[in-house]
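Listed below, chain by chain, are the residues.
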Amino acid sequence: MIKGFIFDLDGVIVDTAKYHYLAWKSLANSLGFDLSEEENEQLKGVSRVESLEYILKLGKVTLSDNEKSKFLYSKNDQYINLLDELSSDDILPGIMNLLDEIKNAKMGLALGSASKNSKPILSKLGILEMFDFISDGNSTSKSKPDPEVFYIAAKGIGLNPSDCVVVEDSIKGLEAAKTGGFMSIGLGDAKVLANSDATFESLEGITLTKIQNLYKS
């Protein structure tokens, strides 16, 4: 029986991945190499620190810990600046209807994201208060595919993993859900997101009843 939902942020609630890409690409360019969109796909669901390490490895660049910290702050500042124009108009199709249904059904609702900017982003979207609990990069020490972020989210809404559906768009996120014993919904290409229990191209037209019936069957 489904008692709660845990949503990823980027690519599920709002598409901020393009802003991450622009900021990481700018960082790579400043170090003398480029970052392709395909390479950027490997950063989905990965922490900021691990993303930087991956990019430095791509460019065969070695930095001191102090230099890494400076680049991380610089990247985040640029990302935040790119988000200035974010509003409720940027919420992805189907999300609001599903969130409303979950709240009306008095189910637990949490966020499970690697982002350290989740609260400012949800605030800009006007939906921060809808979430009962936020589990993000500020409260975790391990990145997906480790299920820590989802364990914290489930505990935050007082539920066991088996009571919760995780909604994710990344391979690492769905792997984390499976490892942690959560039900899962993947958003995107079903062939790519083979770890999910069910996959939809988007949440547009997807109702709570449809999800409940899916798991009953």
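Please refer to the structure placed before this passage.
Residues numbered from 1 in each chain as written. Predicted model: local features only at pLDDT ≥ 70, side-chain atom pairs only at ≥ 80, totals over all residues. Heavy atoms only, no water.

## Structural notes on the layout of surface pockets
Here is step 1 of the chain: Looking at the largest pocket, its volume works out to about 260 Å³.
Here is step 2 of the chain: Residue lining of the largest pocket: E41, Q42, K44, D169, S170, I171, K172, L187, G188, D189, V192 and L193, and that is the complete set.
Here is step 3 of the chain: Here the residues of the lining of the largest pocket are counted per class, giving four nonpolar, three polar and five charged.
Here is step 4 of the chain: Its volume calculated, the second largest pocket comes out at about 170 Å³.
Here is step 5 of the chain: S47, R48, V49, A114, K116, G137, T140, S141, K142, S143, K144 and V149 are the residues that line the second largest pocket.
Here is step 6 of the chain: Among the residues making up the lining of the second largest pocket, the classes are represented as three nonpolar, five polar and four charged. (1 Å grid on protein atoms, 1.4 Å probe; cavity = no way out; pocket = protein on both sides within 12 Å on 5 of 7 lines; lining within 4 Å. Points joined across faces, edges and corners; volume = space filled by probe spheres on them. Nonpolar A, V, L, I, M, F, W, Y, C, P; charged D, E, K, R; others polar.)

## Some points on the environment of W24
Here is step 1 of the chain: Tracing the backbone shows W24 in helix α1 (residues 17-30).
Here is step 2 of the chain: Counting along the chain gives 146 residues from W24 to S170, while the straight-line C-alpha distance between them is 18 Å.
Here is step 3 of the chain: In this view, W24 contacts L35, N40, L43, R48, S51, L52, I55, L72 and K75; residues no more than four positions away in its chain are not counted. (Helix = DSSP H or I, 4+ residues; strand = E, 2+ residues; numbered from the N terminus. Contact = heavy atoms within 4.5 Å.)

## Here we look at unusual backbone geometry
Residues other than glycine predominantly adopt negative phi, and peptide bonds predominantly adopt the trans conformation.
Here is step 1 of the chain: Residue P145 is bonded to the preceding K144 through a cis peptide linkage, with omega at 20°.
Here is step 2 of the chain: Considering the arrangement of structural elements, one finds P145 in the loop between β3 (133-135) and α7 (148-156).
Here is step 3 of the chain: A positive phi angle, close to 55°, is found at K60, a residue other than glycine.
Here is step 4 of the chain: Looking at the secondary structure, you find K60 in the loop between α3 (48-59) and α4 (65-82).
Here is step 5 of the chain: Positive phi, normally seen in glycine, also occurs at K106, with a value near 60°.
Here is step 6 of the chain: Within the secondary structure, K106 sits in the loop between α5 (95-104) and β2 (108-112).
Here is step 7 of the chain: K106 sits in the exposed class, given a relative accessible area of 76%. (Buried < 20%, exposed > 50% of the residue type's maximum accessible area, 1.4 Å probe, protein only.)

Shape descriptors only; they carry no functional weight alone.
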